Amino acid sequence: MESKNKKVENFIQIGELAKKTKVTPRTIKHYEEKGLLKPFKKTQGGFRLYQNDKVKLVERIRQLKKAGFSLREVKEMEEIDGIVEGNIFKKVDGNELDKMIKFLQSQLIKTEERLNETIKVKRGLEKVIKFLKKRKRT
């Protein structure tokens, strides 16, 4: 009986995954619907069980979403990342690799554009704060 409990401890339920990653259980389910995340299994009671490494995946999804990427883009990046991590290049032809490279290059350009816009906003905020601090002193 102890070994069964030990096995269950290697998994976390949706509420715990949501809490650890600072998202709602509904968000976790949405990621599942979009094909970004799959529970390892469901209990007889219907509870979703996730492997602990899914915490990093959900955090990465959150980070990419926060950076402005769509879930479709996130899914494509995760699929490419899976090919790289799994070292399954033998199954991917040169054409497919070219598509991956082109896609990732376009994502890099988008990221740089967003970063530049964020820097502009930051500078604007700094100017307003500086102006307000000067007004406060007079």
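Here the structure is a predicted model, which is why all the values come from computation and not from measurement.

The strand order across the open sheet formed by 3 strands is β1-β3-β2, and the pairing between neighbours is antiparallel. The outermost strands of the open sheet, each flanked by one partner alone, are β1 (11-13) and β2 (41-42). Bridge count for β1 against strand β3 (residues 48-51) is 3 bridges, and the pairing is antiparallel. Along β3, the bridge assignment pairs Ile12 with Tyr50.

Inspection of every chain in the model, using the stated rule, returns 8 salt bridges. With its nearest N and O atoms 2.9 Å apart, the salt bridge here joins Glu32 to Arg48. One end of the pair, Glu32, is in helix α3 (residues 25-33); the other, Arg48, is in strand β3, with 16 residues separating them in the sequence. Of the charged contacts in the structure, one is a salt bridge between Glu117 and Lys120, with a shortest N-O distance of 3.4 Å. Note that Glu117 and Lys120 are positioned in helix α6 (residues 94-137) at a spacing of 3 residues, about one turn of the helix. The partly exposed category is assigned to Glu117, whose relative accessible area is 45%.

Remark: helix α2 (residues 14-21) packs on helix α4 (residues 54-66), axes separated minimally by 9 Å, with the N-to-C direction vectors making an angle of 50°. Relative to α4, the element α2 lies oblique. Crossing angle aside, the handedness with which α2 passes α4 is right-handed. On α4, the residues touching Leu17, Lys20 and Thr21 of α2 are Lys54, Val55, Val58, Glu59 and Arg62. Tallied by class, residues from the contact of α2 with α4 come to 3 nonpolar, 1 polar and 4 charged.

Let us look at the packing of aromatic side chains. Tallied over the entire structure, the rule returns 1 aromatic pair. Ring centres of Phe11 and Phe40 lie 4.8 Å apart, and the angle between their planes is 20°; on these two criteria the pair is classed as stacked. Of this pair, Phe11 sits in strand β1 while Phe40 sits in the loop between α3 and β2; the two residues are 29 residues apart in sequence, bridging distant segments of the chain. Taking NZ or CZ as reference, Arg114 lies 4.6 Å from the ring centre of Phe69, over its face.

Calculation criteria
- Residues numbered from 1 in each chain as written.
- Predicted model: local features only at pLDDT ≥ 70, side-chain atom pairs only at ≥ 80, totals over all residues.
- Heavy atoms only, no water.
- Pairing = 2+ DSSP bridges.
- Helix = DSSP H or I, 4+ residues; strand = E, 2+ residues; numbered from the N terminus.
- Salt bridge = Lys/Arg side-chain N within 4 Å of Asp/Glu carboxyl O.
- Buried < 20%, exposed > 50% of the residue type's maximum accessible area, 1.4 Å probe, protein only.
- Axes fitted to C-alpha atoms, helices over the stretch in contact; angles between N-to-C directions.
- Parallel < 35°, antiparallel > 145°, perpendicular 65-115°, else oblique.
- Left-handed = near helix turned anticlockwise from the far one by under 90°.
- Contact = heavy atoms within 4.5 Å.
- Nonpolar A, V, L, I, M, F, W, Y, C, P; charged D, E, K, R; others polar.
- Phe/Tyr/Trp six-rings, centres within 6.5 Å; stacked < 30°, edge-to-face > 60°.
- Lys NZ or Arg CZ within 6 Å of the ring centre and 35° of its normal.

The values are spatial; any link to function lies outside them.
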